[in-house]
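So the chains spell out like this:
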Amino acid sequence: MKKFNILVLQFVKNLPFLIVLCGVSSLVYAAFRINQTLGFAILGVSLILVAFMVSPNE
């Protein structure tokens, strides 16, 4: 039970990041459905955004 509580706490702590990640992935999917060039452009921007979010703050 203690392990489950730790997992739930970690999930709640990372919930904003997961919501942003889901939003970005759906945006990339929609861009690829419209146009391949637009999809790759938004994919590059979203990868930079995710890398910026994951990088440690100093």
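Residues numbered from 1 in each chain as written. Predicted model: local features only at pLDDT ≥ 70, side-chain atom pairs only at ≥ 80, totals over all residues. Heavy atoms only, no water.

Asks: It is not clear to me how the side chain of Ser46 should be interpreted in this structure. Could you clarify?
Replies: For Ser46, the location among the structural elements is in helix α3 (residues 36–54). If sequence neighbours within four positions are ignored, Ser46 has contacts with Val24 and Val28. (Helix = DSSP H or I, 4+ residues; strand = E, 2+ residues; numbered from the N terminus. Contact = heavy atoms within 4.5 Å.)

Asks: Explain the packing of helix α1 (residues 2–13) against helix α2 (residues 15–34) here, please?
Replies: Think of two packed helices as two axes; the pair is described by the angle between the axes and how far apart they sit. Where α1 meets α2, the axes come as close as 4 Å, and the angle between the chain directions of the two elements is 55°. In terms of orientation, α1 lies oblique with respect to α2. Every residue of α2 that contacts α1 at Phe11, Val12 and Lys13 is listed here: Leu15, Pro16 and Leu18. Partitioned by chemical class, the residues of the contact of α1 with α2 number five nonpolar, no polar and one charged. (Axes fitted to C-alpha atoms, helices over the stretch in contact; angles between N-to-C directions. Parallel < 35°, antiparallel > 145°, perpendicular 65-115°, else oblique. Nonpolar A, V, L, I, M, F, W, Y, C, P; charged D, E, K, R; others polar.)

Asks: Which parts of the structure should I look at to understand α3?
Replies: An α-helix turns once per 3.6 residues; consequently, residues spaced three or four apart project the same way. Between its first and last C-alpha atoms α3 spans 27 Å; for 19 residues at 1.5 Å apiece the expected length is 27 Å, and the two agree. If you check the start of α3, you find a side-chain oxygen 3.4 Å away from the backbone N of Thr37, and it comes from Asn35. (Expected span 1.5 Å × (residues − 1). Polar contact = N/O pair within 3.5 Å; in protein donor to acceptor, adjacent residues only side chain to side chain.)

Asks: I would appreciate a short explanation of the environment of Tyr29 in the present structure.
Replies: Its location among the elements puts Tyr29 in helix α2. A relative accessible area of 53% means that Tyr29 is categorised as exposed. Separated by 27 residues in the primary sequence, Tyr29 and Lys2 have C-alpha atoms spaced 38 Å apart. (Buried < 20%, exposed > 50% of the residue type's maximum accessible area, 1.4 Å probe, protein only.)

Asks: Is there a simple way to think about the packing of aromatic side chains in this case?
Replies: How two aromatic rings sit relative to each other is set out by the distance from centre to centre and by the angle between their planes. Enumeration according to the criterion identifies one aromatic pair in this entry. On the numbers, 5.0 Å between centres and 85° between planes, the contact of Phe32 with Phe40 is edge-to-face. Overall, the relative accessible area of 31% leaves Phe32 in the partly exposed class. The class for Phe40 is partly exposed, based on a relative accessible area of 49%. (Phe/Tyr/Trp six-rings, centres within 6.5 Å; stacked < 30°, edge-to-face > 60°.)

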